[in-house]
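The chain contents come next:
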Amino acid sequence: MIMQIKGHNDDKGAPWLEEYSQVASIEWKDSDNVHIHHVRNFSYRDDSHPIPNWYDCQCKLSDIIATDLVISYWAGSAIAHVFLSFGFNNGQWLAISIETRRRQNQPWSAFGGFLKNYPLVYVVADERDLIGVRANIRKERIYLYPLNITREQSRDLFRSYLLRIKKVNLHPEWYNTLLNNCTSNIFHHGKSVSTAVKYDWRILLSGYADRYCYNNNLLENSLPFEVLKKRSRLKESDVPIIGSTYSQDIRRNR
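Structural notes, computed from the coordinates. (Residues numbered from 1 in each chain as written. Predicted model: local features only at pLDDT ≥ 70, side-chain atom pairs only at ≥ 80, totals over all residues. Heavy atoms only, no water.)

### Remarks on the pattern of salt bridges
(1) Moving on: Inspection of the entire model under this criterion finds 13 salt bridges.
(2) Moving on: Between Arg-128 and Asp-126 there is a salt bridge; the shortest N-O distance is 3.0 Å.
(3) Moving on: On the basis of relative accessible area, Arg-128 is assigned to the partly exposed category, the value being 25%.
(4) Moving on: Its salt-bridge partner being Asp-156, residue Arg-159 comes within 2.8 Å of it at the nearest N-O pair. With Arg-159 and Asp-156 both in helix α2 (residues 151-170) and 3 residues apart, this pair spans about one turn of that helix.
(5) Moving on: According to the relative accessible area criterion, Arg-159 is partly exposed, its value standing at 27%.
(6) Moving on: Owing to a relative accessible area of 25%, Asp-156 belongs among the partly exposed residues under this scheme. (Salt bridge = Lys/Arg side-chain N within 4 Å of Asp/Glu carboxyl O. Buried < 20%, exposed > 50% of the residue type's maximum accessible area, 1.4 Å probe, protein only. Helix = DSSP H or I, 4+ residues; strand = E, 2+ residues; numbered from the N terminus.)

Quick look at the structure:
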């Protein structure tokens, strides 16, 4: 179970964009208990005016019971932002998104991602932030899929993420549009915990990550893929308000 510890104010002096002014860090208490610093939980007036908030939390890996795949499209179908969210036995969810850490007034550019412009950052955040801003504020097309993996695999995957966060904090890396991005890192994390994860061209085209997972039995496959995808679409009309029960609300109809 996740236990919230305290809030943090944003660092006004940081040269980073507001949402990247704090970076999550990991403090292991023992092999099961972990303290996570700087979990992001922004709320948004609009996409340009976030209301910053961070908190610390303690959680037990043994309380993790599920992992969801989140895919967010902002333009066509070939490219999307892909991240995972981890479910705990008390109904809480914690999302982790692999992104570019950008400075104030520094625009995102796919070409710029080849040129060592952006440090790689793992954003640990509340779903009301990571999913809410994309679904409710930016109006992106969001798909939410439960991964077909065991609880033990979910826990191993979460542990793999936490170890990687600690490594990147100690030894910073550059984001690379092709080789070190959100999808390629998820692939490496997944490969470390499941033999079902194999290299495929869809790793390069993130918008097809759900089809890749479906073909490798990592998603429910009792339905045709197109039917599953339609059912997995998260619409703002289904969850018009980002409230305290947001994680439960977005899963109500699945």
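After presenting the structure, the write-up continues.
### Some details on helix α5 (residues 225-232)
(1) Moving on: For α5, the full list of buried residues reads Phe-225, Leu-228, Lys-229 and Ser-232. Buried positions in α5, seen along its axis, are confined to an arc of 100 degrees and lie on one side of it. In α5, the exposed positions angled more than 90 degrees off the buried face are occupied by Glu-226, Lys-230 and Arg-231.
(2) Moving on: Of the surrounding elements, those touching the buried residues of α5 are β7 (64-73), β11 (141-146), α4 (209-215) and β12 (233-234). (Arc of directions from axis to C-beta. Contact = heavy atoms within 4.5 Å.)

### Some thoughts on the nonpolar core
(1) Moving on: Of all hydrophobic cores here, the largest spans 49 residues; its most connected members are Ile-36, Phe-158 and Tyr-161.
(2) Moving on: It is α2 that provides the largest number of residues to this core, a total of 6 residues.
(3) Moving on: With near-sequence residues (within four places) excluded, Phe-158 lies in contact with Ile-36, Cys-59, Leu-61, Ile-64, Phe-86, Phe-88, Leu-94 and Ile-96.
(4) Moving on: Residues Trp-16, Val-70, Ala-125 and Ile-131 belong to the second largest nonpolar core, which totals 18 residues. (Core = buried A, V, L, I, M, F, W, Y, C linked by side-chain atoms within 4.5 Å.)

### Observations regarding the layout of surface pockets
Over the atoms, a rolled probe matching the size of one water molecule traces out where space is still vacant.
(1) Moving on: In this model, the largest pocket occupies a volume close to 910 Å³.
(2) Moving on: Looking at the largest pocket, it is lined by 41 residues, and the ones nearest its centre are Tyr-20, Thr-100, Arg-102, Trp-108 and Arg-134.
(3) Moving on: Among the secondary structure elements, those contributing two or more residues to the lining of the largest pocket are β9 (93-100), α1 (127-137) and α3 (182-191).
(4) Moving on: Its boundaries defined by the atoms lining it, the second largest pocket holds a volume of some 370 Å³.
(5) Moving on: In this structure, the second largest pocket is lined by 17 residues; those nearest its centre are Leu-144, Arg-231, Ser-232, Asn-253 and Arg-254.
(6) Moving on: Of all the secondary structure elements, the ones that give two or more residues to the lining of the second largest pocket are β11, α5 and β12.
(7) Moving on: Counting residues per element, the lining of the second largest pocket draws most heavily on α5, at 3 residues.
(8) Moving on: Of the residues contributing to the lining of the second largest pocket, the split by class is 6 nonpolar, 2 polar and 9 charged. (1 Å grid on protein atoms, 1.4 Å probe; cavity = no way out; pocket = protein on both sides within 12 Å on 5 of 7 lines; lining within 4 Å. Points joined across faces, edges and corners; volume = space filled by probe spheres on them. Nonpolar A, V, L, I, M, F, W, Y, C, P; charged D, E, K, R; others polar.)

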